[in-house]
Amino acid sequence: MGTTQLETAPEPKYWHLKTVLSDALDSEFAVGEILPNERELAARFGVARATLRQALEQLELEGRLQRRRGVGTTVAPPRVGVAVADAEHTWPGTTEDDWQPVDSAEAAPPAAVALLLGTGRDEAVHTVRRSRRSHGRPVATELLYVPAAGLPGLDVPDTAPGPARARAVLRALHRLPLEGQDRAVELGSARADDAKELDRLPGAPVLLVTTRYFAEGRTAAVAVATYRADTCRLTFGEGDPVGLLAS
């Protein structure tokens, strides 16, 4: 076979720089150490700052670097495993999971979630926000969407505090006969509110885990969890160790 255009294409300059920087991180910097500013790094490696930014962004995506507000760019610790697969017949919010309820409200869901739920775009759903933390720092945030029509027995006054209302929605959900669940994982960018909660910059790479829960022959709930892509390695299966953010 002939040589393809892809095989003859030169390696992008930022990609070569990424490899050089990765070697420098291994040999010259310790975990948590702050890198020199962009001007110094660009001068050291003889590249334009735009090329340097592309390389730094790739290293951040791969979990080698972290950008933190008020600190700068630091060398990231190795990714650790975070177990995300509950037992097939377990609702979110059981005593075994590591999520804490934060708040709850009733509102129309995003269009993509409404499609998964099979509800109308303007149909109200209970939205439960939960957070997963380790060593006092968040590793993930989650929005759980439950159609209001699917929880007819829920009786929560509007004045109930956020965590209390969230727990009430979860308790009502647990009364349904769970029939199964499925998951999808994809790479995404942190929205402003999630970025703030996860101590990341808006647009930072994150791992999005979307879970559908089935009961009574329908989708009873949809959870969208946002994990830090720079520090988390998602693991699935009951035998996987549960690792959490240690930095």
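Residues numbered from 1 in each chain as written. Predicted model: local features only at pLDDT ≥ 70, side-chain atom pairs only at ≥ 80, totals over all residues. Heavy atoms only, no water.

Colleague: How should I be thinking about the environment of Ala215 in this particular structure?
Modeller: Relative to the assigned elements, Ala215 resides in strand β8 (residues 205-215). A C-alpha to C-alpha distance of 5.1 Å links Ala215 and Glu179, two positions 36 residues apart in sequence. Leave out the neighbours within four places in its chain, and Ala215 touches Trp91, Leu176, Pro177, Leu178, Glu179 and Ala220. (Helix = DSSP H or I, 4+ residues; strand = E, 2+ residues; numbered from the N terminus. Contact = heavy atoms within 4.5 Å.)

Colleague: Help me out: how do you make sense of the sheet that holds β8 in this one?
Modeller: With antiparallel pairing, the six strands of this open sheet are ordered in space as β4-β5-β6-β9-β8-β7. If you trace the sheet from one side to the other, it starts and ends with β4 (99-107) and β7 (178-189), each paired once. Averaged over all adjacent pairs, the angle separating strand axes in this sheet is 20°, with direction ignored. In the sheet, β7 pairs with β8 via eleven bridges, with the strands oriented antiparallel. Paired with Gly188 across the two strands is Val206, which belongs to β8. (Pairing = 2+ DSSP bridges. Axes fitted to C-alpha atoms, helices over the stretch in contact; angles between N-to-C directions.)

Colleague: Looking at this structure, I do not really get the pattern of salt bridges. What am I missing?
Modeller: Note on pairing: side chains with opposite charge can pair once their charged atoms come close. Considering all chains together, one arrives at 15 salt bridges under this definition. Across the pair Asp194 and Arg191 runs a salt bridge whose closest N-O atoms are separated by 3.2 Å. Residue classification places Arg191 among the partly exposed positions, given a relative accessible area of 43%. (Salt bridge = Lys/Arg side-chain N within 4 Å of Asp/Glu carboxyl O. Buried < 20%, exposed > 50% of the residue type's maximum accessible area, 1.4 Å probe, protein only.)

Colleague: Please explain the side chain of Thr211 as it appears in this structure.
Modeller: Structurally, Thr211 can be placed in strand β8. Residue class for Thr211 comes out buried when judged on its relative accessible area of 4%. Within the local environment of Thr211, its side chain forms a polar contact with the side chain of Arg183, the two groups lying 3.3 Å apart. (Polar contact = N/O pair within 3.5 Å; in protein donor to acceptor, adjacent residues only side chain to side chain.)

Colleague: Where do I start with the nonpolar core in this structure?
Modeller: Ranked by size, the top nonpolar core spans 19 residues in total, and within it Trp91, Leu144, Val146, Leu151, Leu173, Leu176 and Tyr213 carry the most contacts. Sorting the residues of this core by element identifies β6 (137-147), α6 (162-174), β8 and β9 (218-228) as the ones contributing at least two each. In terms of nonpolar packing, the next biggest core, distinct from the first, is built from 14 residues, Phe29, Leu41, Val47 and Leu65 among them. (Core = buried A, V, L, I, M, F, W, Y, C linked by side-chain atoms within 4.5 Å.)

Distances and angles like these do not, on their own, reveal function.
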